[in-house]
Structure formats: C-alpha cells, structure tokens
Amino acid sequence: MNLLALDTSSNACSVALQVGEKVTLAHVVKPREHTTILLPMIENILQDARMNLTDLDGIVLGNGPGSFIGMRIAASVAQGMAYGANLQIVPVSSLEIIAAETLSTHEEIHVLVAQDAHMNEVYLAAFTRDESGLPVTEREVTLHKVNENIADLASDDVLAAGAGWQRYPELFTNNESILAGRAEILYPNARYLL
C-alpha cells in the first residue's frame, strides 16, 4: 500500500511516505514555519521515491488536538491533494501518534500524552498497548489545567509523553509519584501515522 502521512499540529512538521514496506520520513521542528516548509517536504519526499499523488492509495492526516493554525495547514493541504488525486483521507489523533511511538520504543504498556494547549492548559489522553503493540485509547482527550490533579488518569506503569510535560514542568513534578517516568517523545512523528 502506498500512503502519504502528514502532521503539523505541533512545533514539528512531519511527513512520511510508505511505498510497499519502505517508509521515508521528513521530520523537522520549526515552529511557525509549516506554511513554507510543508509543501516542499511533500514534493521532495514524493520526488525521491519517484511517486506522483496518483500513485498513492490514500493520505493519513494527524488531526490534532494541537495548534489550530497548524491543523488547518495540514488539513487544507491534505484536502487539496486528496481532491486533485481522488484519494481518501484517514484522520488519526495526533496524541495517538505520540502514544504509538512511545509504546514502540518503551516497555511500559500505558502512556499518558500531554500536548500544550496554551494558557496553562494541556490536552491529555491515556493509551494502552494492544496485543499487536498499537495504542488503544483508555481515556479520551480532555483539557486539563496544569495544576489539576491527574491521579484518575494514571496508574503505576504509566509513562508520560508529549511536549506538554516539557512546556509545563510543574505538571510532571506535581504528578511524578504516580508516573513511571517521562519519554522524550515530544511531537507527532508521521512515521507512526502509518
């Protein structure tokens, strides 16, 4: 299957192309530059693979939550490409993307993803690993103040992931006793959209 994946819901601009079993990734952290770098990233990744949009079977889109402008950028680009090439778009939670990478690189079976929602708030969602190693939502995305208690979202073996923990260190410090640790996975990586 040939798929193009993209996510611009955070400070990272991430594009991945799957052609059969081969995956190519372009991933950069450049806040506020997504409008200028996303299309060239897509063009380069397709050119390097000698692919056209019409060679794709679909587009996988990281659909947030996250930066409103960032999500609009990726959604607009995905919709334009999908319409022009008669492709389907498959939306995936950007928090689930972070959970997928965390679960594939760590032994813990639960992950609590926090992404910056600004104004001392984070988007939080809890995931667990299924039999195939993929994330399954345990707790849907909620908006939390960084000083709110999150004990109801955590258990003994929950690993924290996402940029929200870095942006608001007090969130981790105030809840460190109920967390197994913190993964250094901050932003959605399009490879894990696939």
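Refer to the structure presented above.
Residues numbered from 1 in each chain as written. Predicted model: local features only at pLDDT ≥ 70, side-chain atom pairs only at ≥ 80, totals over all residues. Heavy atoms only, no water.

The helix and strand inventory of the chain stands at five helices and 10 strands. Computed over its C-alpha atoms, the radius of gyration of the chain comes to 17 Å, within 12% of the 16 Å expected for a compact globule of 194 residues. Residues counted as buried form 49% of the 194 residues belonging to the chain. For the chain, restricting intrachain contacts to residue pairs at least 6 apart in sequence, the fraction spanning at least 24 positions comes to 60%. Carbon and sulfur atoms provide 49% of the accessible area of the chain, an area that totals close to 9,800 Å². (Helix = DSSP H or I, 4+ residues; strand = E, 2+ residues; numbered from the N terminus. Rg over C-alpha atoms; globule rule 2.2 N^0.38 Å. Buried < 20%, exposed > 50% of the residue type's maximum accessible area, 1.4 Å probe, protein only. Contact = heavy atoms within 4.5 Å. Areas by Shrake-Rupley, 256 points an atom, 1.4 Å probe, with all protein chains shown as cover.)

Turning to the sheet that holds strand β7 (residues 121-129), a few remarks are in order. The sheet built from five strands is open, its strands ordered β8-β7-β6-β9-β10 with mixed pairing. The open sheet is flanked by β8 (135-145) and β10 (181-182), the only strands paired with a single partner. (Pairing = 2+ DSSP bridges.)

So, about the side chain of Gln18. You can see Gln18 is positioned in strand β2 (residues 12-19). A distance of 3.0 Å separates a polar atom in the side chain of Gln18 from the backbone oxygen of Gly20. The residues contacting Gln18, other than those within four sequence positions of it, are Met1, Asn2, Leu3, Val23 and Leu194. (Polar contact = N/O pair within 3.5 Å; in protein donor to acceptor, adjacent residues only side chain to side chain.)

With that settled, consider the sheet that holds strand β3 (residues 22-29). Within the open sheet, the five strands sit side by side as β3-β2-β1-β4-β5. Their pairing is mixed. Every interior strand has two partners, whereas the edge strands, β3 and β5 (89-92), have only one. The sheet shows a mean angle of 15° between the axes of neighbouring strands, direction not considered. With eight bridges joining them, β2 and β3 adopt antiparallel strand pairing. Its bridge partner being in β3, Ser14 is matched across the sheet by His27. Running over the sheet, helix α2 (residues 68-85) touches β1 (2-7), β4 (58-62) and β5 and is turned about 170° from β4. (Axes fitted to C-alpha atoms, helices over the stretch in contact; angles between N-to-C directions.)

End to end, α2 covers 26 Å across 18 residues, agreeing with the expected 26 Å (1.5 Å per residue, within 8%). Within α2, the full set of buried residues consists of Gly70, Ile73, Ala74, Val77, Ala78, Met81, Ala82 and Ala85. Projected down its long axis, α2 carries its buried residues within an arc of 145°, all on one side. For α2, exposure combined with an orientation more than 90 degrees from the buried face picks out Phe68, Ile69, Gln79, Tyr83 and Gly84. Close packing links the buried residues of α2 with β1, α1 (34-48), β4 and β5. Two residues or fewer after α2 comes Asn86, characterised by a positive phi angle close to 55°. (Expected span 1.5 Å × (residues − 1). Arc of directions from axis to C-beta.)

Turning our eyes to something else, we now look at helix α3 (residues 94-105). Compared with the 16 Å implied by 1.5 Å per residue over 12 residues, the 17 Å span of α3 between its first and last C-alpha is a close match. Of all 12 residues in α3, nine are buried, a share of seventy percent or more. For α3, the set of buried residues is Ser94, Leu95, Ile97, Ile98, Ala99, Ala100, Glu101, Thr102 and Leu103. Backbone nitrogen of Leu95 and a side-chain oxygen of the N-cap are separated by 3.1 Å at the start of α3; the cap is Ser93.

Our focus in this paragraph is the environment of Leu53. Here Leu53 lies in the loop between α1 and β4. With 10 residues separating them in the primary sequence, Leu53 and Glu43 have C-alpha atoms 9.6 Å apart. The residues touching Leu53, leaving out its near neighbours within four places in the chain, are Leu46, Met81, Ala85 and Leu87.

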